[in-house]
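Residue-level listing of the chains:
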Amino acid sequence: MAEVTREQVLESLRAVMDPDLHRDIVTLGFVKLDDVQIRDGEVKVRVVLTTPACPVKEKLREQCKSRIEAVPGVRHADVHMDAVTTSTRGAATTDRLPQVRNIIAVGSGKGGV
């Protein structure tokens, strides 16, 4: 059985395109060399998206899995989808609401009175 390299896995993931940004997930930085683990034909990959509520997360996971498993020597691929969110670091927010970690603005957009 051929030995699988991280570079081969990353190259296979370059075929997985973000549908909104129209670029591959490796170029976009969603997958990095350190996010790929290989052991005895088993590949584990961490894909970091920009939002936890990504509507195409499962589609991207399946595409990643099938692309990785197409690499010679790969027996199984485990794709973990993750998301990194940034928190607001404004002093006004933490001073006024110290017990609140996240604030979400909601508006109806109806206009009028």
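All figures in this text were calculated on a predicted structure; none of them were measured in a lab. (Residues numbered from 1 in each chain as written. Predicted model: local features only at pLDDT ≥ 70, side-chain atom pairs only at ≥ 80, totals over all residues. Heavy atoms only, no water.)

**With respect to the nonpolar core**
Cut-off, in case you're wondering: Definition of nonpolar core: a set of buried residues of the types Ala, Val, Leu, Ile, Met, Phe, Trp, Tyr and Cys, connected through side-chain atoms within 4.5 Å. The buried label goes to any residue with under 20% of its type's maximum accessible area, the exposed label to any with over 50%, and the partly exposed label to all in between, with areas taken from a 1.4 Å probe on protein chains only. What counts as a helix is a DSSP run of H or I of at least four residues, what counts as a strand is a run of E of at least two, and both are numbered from the N terminus.
Counting 23 residues, the largest nonpolar core has Val-9, Leu-13, Ile-25, Val-31, Val-45, Val-47 and Ile-68 as the members making the most contacts within it. For this core, the secondary-structure elements that each account for two or more residues are α1 (6-13), β2 (42-49), α2 (57-69) and β3 (76-83). Looking at this core, the element that brings in the most residues is β2, giving 4 residues.

**Some points on unusual backbone geometry**
Even without being a glycine, His-22 presents a positive backbone phi close to 55 degrees. Given the relative accessible area of 61%, His-22 is considered exposed. The phi dihedral of Asp-40 falls on the positive side, at around 50 degrees, and the residue is not glycine. Structurally, Asp-40 is set in the loop between β1 (36-39) and β2. Given the relative accessible area of 58%, Asp-40 is considered exposed.

**Remarks on the sheet that holds β1**
Condition: By the convention used here, strands pair only if DSSP detects at least 2 bridges between them. Here an angle of 0 to 180 degrees is reported between the N-to-C directions of two axes, which are lines fitted to C-alpha atoms, with helices fitted over the stretch in contact. Two residues qualify as a contact provided that any one of their heavy atoms is within 4.5 Å of a heavy atom in the partner residue.
Taken in spatial order, the 3 strands line up as β1-β2-β3 in an open sheet, and their pairing is mixed. Lying at the two open borders of the sheet, with one neighbouring strand each, are β1 and β3. On average, each strand axis in the sheet is inclined to that of its neighbour by 15 degrees, with strand direction left out of account. The pairing of β2 with β3 spans 8 bridges and is classified as parallel. Within β3, the residue paired with Leu-49 across the bridge is Ala-83. Packing of α1 onto the sheet brings it into contact with β1 and β2, and relative to β1 it is tilted by some 125 degrees. On top of the sheet, α2 reaches β2 and β3; it is set at about 150 degrees to β3, its chief contact.

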